[in-house]
Structure formats: structure tokens, C-alpha cells
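Architecture and fold: a report
So you can see what is in the structure, the chains are spelled out below.
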Amino acid sequence: MNTDNLNLTRRVVVGVQFLFVAFGATVLVPLLVGLDPATALFTAGIGTFIFHLVTKGKVPIFLGSSFAFIAPIIAATKEWGLSGALAGTIGVSLVYFVMSALVKWQGKHLLNRLFPPVVIGPVIILIGLTLSSAGVNMAKTNWLLAAISLATAIIVLTFGKGLIKLVPVVCGIIVGYIVAICLNEVNFDAVKEASWLALPPSLAHFQLPEFKWQAVLFMIPVAIAPVIEHIGDVYVVGAVAQKDFVKEPGLHRTLLGDGLACLFASIFGGPPVTTYSEVTGAMSITKITSPAVIRISALTAIVFSVMGKLSALLQSIPQAVLGGIMLLLFGTIASVGVQNLIQHKVDLNQTRNVIIISITLTVGIGGAVLTWGNFTISGIGLSALVGVILNLILPQTEVEKTEEEKEA
């Protein structure tokens, strides 16, 4: 549906509604990794505008904080500090730039060869599982609040209808937060002291992140899964809007736009951003697929980012409430990896596939570390690299080669 059929008031209402679909995830990621949610909203809003500029304003996509980088940012922060971790996320944008150039040059065939489902599936599983202990540790600070938040999210996800079904995280946090207030578990001092209007801290006290090449190298392999997810999302959005965005404005442009948005977020202290399937679901329900409405969502995110009271309120959410949501969230991410393997009919009767999946998972879950001089790679990054190498060197059967040619 084009916005020509909607007056300005309805456009704004739908645009704000789309933001709320993505709001929970956008602010949850920074809360979990120790960043300011106002900054995440600001970088998501500006990042979305950058994406629309690069894609000629034709693709109705909203960019928000990516769950895929929660575990890597936390791990990188322990090693190089938060500033070093943010500098490391510059490596994410580099991956997008390289992939954009490869798609422009070779099309999708090379990506399918390097990162088939047998590699991407276990990497996504690891993204969900590697931080599961963090979710449990946060939840056990108050199991009652965690259980209530988790139960609410599950109920909404299972029995919700329409748009409400798209915001189980928001519903879980709201209910958990209300119960926490009733139990006197919320400290409102910071909310009282906060200004109604205030620049996000990263803008008010702007400084470039501390560049550390080790952190950049650490983040590069982690970016592969979101890049592949981005490509899938572009196809899905095209199907919903009944347009071929892979052809026009082109997949290379969407990848470049996402990469530039990630670079902006890294420089200004926000988490890496990615395409949001939740918003695509909302577009499918409302039948409104206009990029102009998505830009209203982006503008709303920027407006929310300067509301000091809102930022302080978000940061007052008890850890147990967030922990309860994480128990569902990280398990869901892992299940997406399993779903990826099933949807692409990865044959586990093939020894080659079993080897790739098994070693990728054990390297990641087992905490393997590869060190060479001052260079160190571990966790999801090392697992992704191992998966790619095994996929390239292990011989394929004739059936698998045929299936790969079909994918290309």
C-alpha cells in the first residue's frame, strides 16, 4: 500500500507503530552490553536514513540493534574495554563493504559457496548459546521477576494476535517492570534527576572509540551471519512489497547501506545495526510497505533518543526482568539456526555436513582459542572461520554440487 492513500496523521501513527515493533530489541541490546539505549535509538534512526539514502529511498527497511553482536561485544569488552569493543565493530562494516563489492562483481554465487546453510546454521546456533549463562545469571538475581517476564513473553508469542504478537519482548518487559515496581525493586532516583530533553551521552561527550586492530579482527567473522541474514531479509521484504529489490536498487546497495549505518553506529557509540524482520512482519500485517513510513519510524527513534527521562527509565529496568527475556531470546536465536538447517534441507546423513556442523559447534561451545603472536581469535569468530575452511576443503557429493548450483 502506498502512503498516497494515507493522510499525514495516519502515516505518523503507522510509522510510530513500526518503531514500537522494533523498540524492544533496539533498546534491549545496549542494555545487555552496557551501552546507553538513547544512543542506540539515535544511531538506529540515523543509520536507517543512511540506508535509505544509499538505496535511493526504495527499500522499506528499518535498521536496529543486532542481537548477533551481544555475546561478541561482551567478550570484546572484557578483553579490550567497551571503547575497544566499539572500535572492533568497525570490522562489521568492513565485512559489509567487502560483501557489497563481491555481490556487485560476482553476484550471489560466491557468497553461496563461502557461506552455505551448513556453515551459517551452526554459527547462528552458537550466537544464541554462547551467552545463555549470562541470561541465567541475570535471571537468578530475582527468579520471580524473571519468571513473570518470561511467562508474559511466551503467552504473547503463543496466543497473541495481530501486531501484539510481534512485540512479546516489549510486553514481557512491561509486565515484569510493573511487578518490580510493586515489589519495590526499582530505583527511580536516576529518572528523577534526568532532564526531560538531553543529548545521548555519546553525543554530549563525543570521543572516537579507541582503535584496536585485534578487536576489529575478532568481530569480522562474527559479521558473516548478519550479512547472510540481511540478504534473506531483502528477499523477504521484496516478497511482501511485491518488488525485486535485489535487482533494483540492487543487493550491493542494500549491503553498502547497512555497512555505512554500522560504521556510523560504531563511531558514535551504538551497537551494530541490521535489518529487522519484526518490522517486515508488521508491514505484512498492515499491508503498508512504503519506505516513507519507515523513515517516519527512523525520525521517531531520533526524537525518543533525546528524551532524557525515557533513557533513564529504560536503564532502571531490573536485571532479573531482562534476564527472564534473555532466557527466551537466546534460545530463540539458537532455534533460528536449527530452522535454517531444516529449511535448506541440510542432509545430516552426509558425513561432510556432520563434520562441519560438529566441529563448528564444539570449537565455539568448548571455548577454543587460536593465538599467533599478538593475534588471537576465539568463540564465534573462530568457529565461523573453521566452518568456512572445512566447507571449502571437504569434497562435495554430486548431489550437493547440484543443489549449490540451484541456489546460485
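Calculation criteria
Residues numbered from 1 in each chain as written. Predicted model: local features only at pLDDT ≥ 70, side-chain atom pairs only at ≥ 80, totals over all residues. Heavy atoms only, no water. UniProt positions renumbered as here; feature names shortened; annotations may be inferred. Helix = DSSP H or I, 4+ residues; strand = E, 2+ residues; numbered from the N terminus. Contact = heavy atoms within 4.5 Å. Buried < 20%, exposed > 50% of the residue type's maximum accessible area, 1.4 Å probe, protein only.

With an unreviewed UniProt entry as reference, the chain is termed Uracil-xanthine permease family protein, source organism Hoylesella nanceiensis. The record held by UniProt for the chain lists under Sequence similarities (unreviewed entry) the comment "Belongs to the nucleobase:cation symporter-2 (NCS2) (TC 2.A.40) family." Under the UniProt heading Subcellular location (unreviewed entry), the note attached to the chain is "Membrane".

Within the secondary structure, Ser266 is located in helix 14 (residues 246-267). For Ser266, the contacting residues outside a window of four places in its chain are Leu86, Thr89, Ile90 and Pro209.

With an omega of 15°, the peptide bond between Glu248 and Pro249 qualifies as cis. The backbone of Lys56 shows a phi angle near 65°, a positive value even though the residue is not glycine. Along the chain, the position of Lys56 falls in the loop between helix 2 (37-54) and strand 1 (63-65). Look at Lys56 and you get partly exposed, because its relative accessible area is 46%. Phi is positive for Lys345, close to 55°, though the residue is something other than glycine. Mapped onto the elements of the fold, Lys345 is located in the loop between helix 18 (319-343) and helix 19 (351-365).

For Thr26, the position within the fold is in helix 1 (residues 8-33). By relative accessible area, Thr26 is classed as buried at 0%. Apart from residues lying up to four places away in sequence, Thr26 is in contact with Ala40, Leu41, Ala44, Phe62, Gly64, Ser65 and Tyr276.

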